[in-house]
Amino acid sequence: MADEAVETLRRVLANYQPIRRAGLPEDIAQAALWLASDDSSFVTGQALTVDGGLTAGQPWSLTQKHSRLLRFALGAEPEGGAK
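Below is a summary of the structure that appears in this document. Since the structure is predicted, the reported quantities are computational estimates derived from the model, not experimental observations.

## A few points about the overall build of the protein chain
A count of helices and strands for the protein chain gives three helices and zero strands. Sequence-ordered secondary structure for the protein chain, helices as α and strands as β, is α-α-α. Radius of gyration (C-alpha) of the protein chain: 16 Å, far over the 12 Å computed for a compact globule of 83 residues. Projected onto its principal axes, the C-alpha positions of the protein chain cover 50 × 30 × 20 Å. Taken over 83 residues, the protein chain has a buried fraction of 18%. Here the contacts in the protein chain between residues at least 6 apart in sequence split such that 48% fall between residues at least 24 apart. A total of about 6,500 Å² of accessible surface is found on the protein chain, and carbon and sulfur atoms cover 59% of it. Between the centroid of the 8 positive side chains of the protein chain and the centroid of its 10 negative side chains there is a distance of 12 Å.

In structure tokens, the structure reads:
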């Protein structure tokens, strides 16, 4: 069941974000390493979003639609769920 959920997430997320692949733990790790490095020494007070562009510049309504579709794909929301 868990493996099916992971594959579903990969497939669904790859279709919704500008970078056409699911994020990996290594993507988060690389961002954390950069923040901890001297290369980020002049960066202060920022929220670093590591999501493959999923939330960048999208209207809130589209983000909500994608959330509903993802919940449906994972079986967490009935077909035609809350709009």
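## Regarding the environment of G75
Along the polypeptide, G75 turns up in the segment after α3 (60-73). As a C-alpha pair, G75 and A5 span 70 residues in sequence and 9.3 Å in three-dimensional space.

## Quick word on the side chain of S40
Of note, S40 is situated in the loop between α2 (25-36) and α3. Its relative accessible area of 6% is what places S40 among the buried residues. At 3.1 Å, the side chain of S40 and the backbone oxygen of S37 are in polar contact. If sequence neighbours within four positions are ignored, S40 has contacts with W34 and L35.

## Considering the packing of helix α1 (residues 2-16) against α3
Two elements in contact, α1 and α3, have axes whose closest approach is 10 Å; the angle formed by their N-to-C orientations is 160°. As far as their axial angle goes, α3 and α1 are roughly antiparallel. Judged by the twist between their axes, the crossing of α1 over α3 is right-handed. Counted together, T8, L9, V12, L13 and Y16 of α1 and H66, L69, L70 and A73 of α3 form the full contact between these two elements. Broken down by class, the residue content of the contact of α1 with α3 amounts to seven nonpolar, two polar and no charged.

Rules and cut-offs
Residues numbered from 1 in each chain as written. Predicted model: local features only at pLDDT ≥ 70, side-chain atom pairs only at ≥ 80, totals over all residues. Heavy atoms only, no water. Helix = DSSP H or I, 4+ residues; strand = E, 2+ residues; numbered from the N terminus. Rg over C-alpha atoms; globule rule 2.2 N^0.38 Å. Buried < 20%, exposed > 50% of the residue type's maximum accessible area, 1.4 Å probe, protein only. Contact = heavy atoms within 4.5 Å. Areas by Shrake-Rupley, 256 points an atom, 1.4 Å probe, with all protein chains shown as cover. Lys, Arg positive; Asp, Glu negative; His and termini not counted. Charge placed at Lys NZ, Arg CZ, Asp CG, Glu CD. Polar contact = N/O pair within 3.5 Å; in protein donor to acceptor, adjacent residues only side chain to side chain. Axes fitted to C-alpha atoms, helices over the stretch in contact; angles between N-to-C directions. Parallel < 35°, antiparallel > 145°, perpendicular 65-115°, else oblique. Left-handed = near helix turned anticlockwise from the far one by under 90°. Nonpolar A, V, L, I, M, F, W, Y, C, P; charged D, E, K, R; others polar.

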